[in-house]
Amino acid sequence: MQRLLLLIVVVAAAAFAYLHWFAAPAPRYSLAAIEQQPVPRAEFFALWREVADGLCAPGKSGSERVGVQACREHVERAHERCLAAAGAPATIAGRAESRRWARPYLDCVLPAPSVCGGVQVRSDEDARRHCPP
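Residues numbered from 1 in each chain as written. Predicted model: local features only at pLDDT ≥ 70, side-chain atom pairs only at ≥ 80, totals over all residues. Heavy atoms only, no water.

Counting 20 residues, the largest nonpolar core has Phe44, Tyr105, Leu106, Val109 and Leu110 as the members making the most contacts within it. Among the elements of the structure, α2 (41–55), α3 (68–86) and α4 (95–109) are those that each provide at least two residues to this core. Residues contacting Val109, with those up to four places away along its chain left out, are Ala52, His74, Val75, Ala78, His79 and Cys82. (Core = buried A, V, L, I, M, F, W, Y, C linked by side-chain atoms within 4.5 Å. Buried < 20%, exposed > 50% of the residue type's maximum accessible area, 1.4 Å probe, protein only. Helix = DSSP H or I, 4+ residues; strand = E, 2+ residues; numbered from the N terminus. Contact = heavy atoms within 4.5 Å.)

Another point: α4. For α4, with 15 residues, the first-to-last C-alpha span of 20 Å sits near the 21 Å given by 1.5 Å per residue. Taking the largest bend as the criterion, α4 deviates by roughly 25°, centred on Ala102, and proline Pro104 comes between one and four positions later. Of all the positions in α4, only Ser98, Trp101, Ala102, Tyr105, Leu106 and Val109 are classed as buried. Check the buried side of α4 and you find it contacts α2, α3 and β2 (91–92). (Expected span 1.5 Å × (residues − 1). Bend = angle between axes of the 7 residues up to and from the residue.)

Have a look at this one:
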């Protein structure tokens, strides 16, 4: 019984030492550090999904007319569809490339602030064109 307990302790210590000192840590991706560490497509859009959720906060662009909870639910429902439609490369490396793929994704996942004449209004120009005075 003591040998079994000693074996368990030794194996646990060895596993801890290996994971702590020798195993490579899981990469932590960041949009701010995309120039130094390119981000795989799935992680890239997961990071931008977090940004979209943040834009649903009170007073931010996505929530002002639909409400915070409705905005977040919209982002959740639209994420997979917008991800599939994005057609981004396997890895995104660089701020310019990040903006190139992020802008259409955010336009896709965030709810339109308003609808006039059956058309989603995303800008003042759209509002002037489609909404009666």
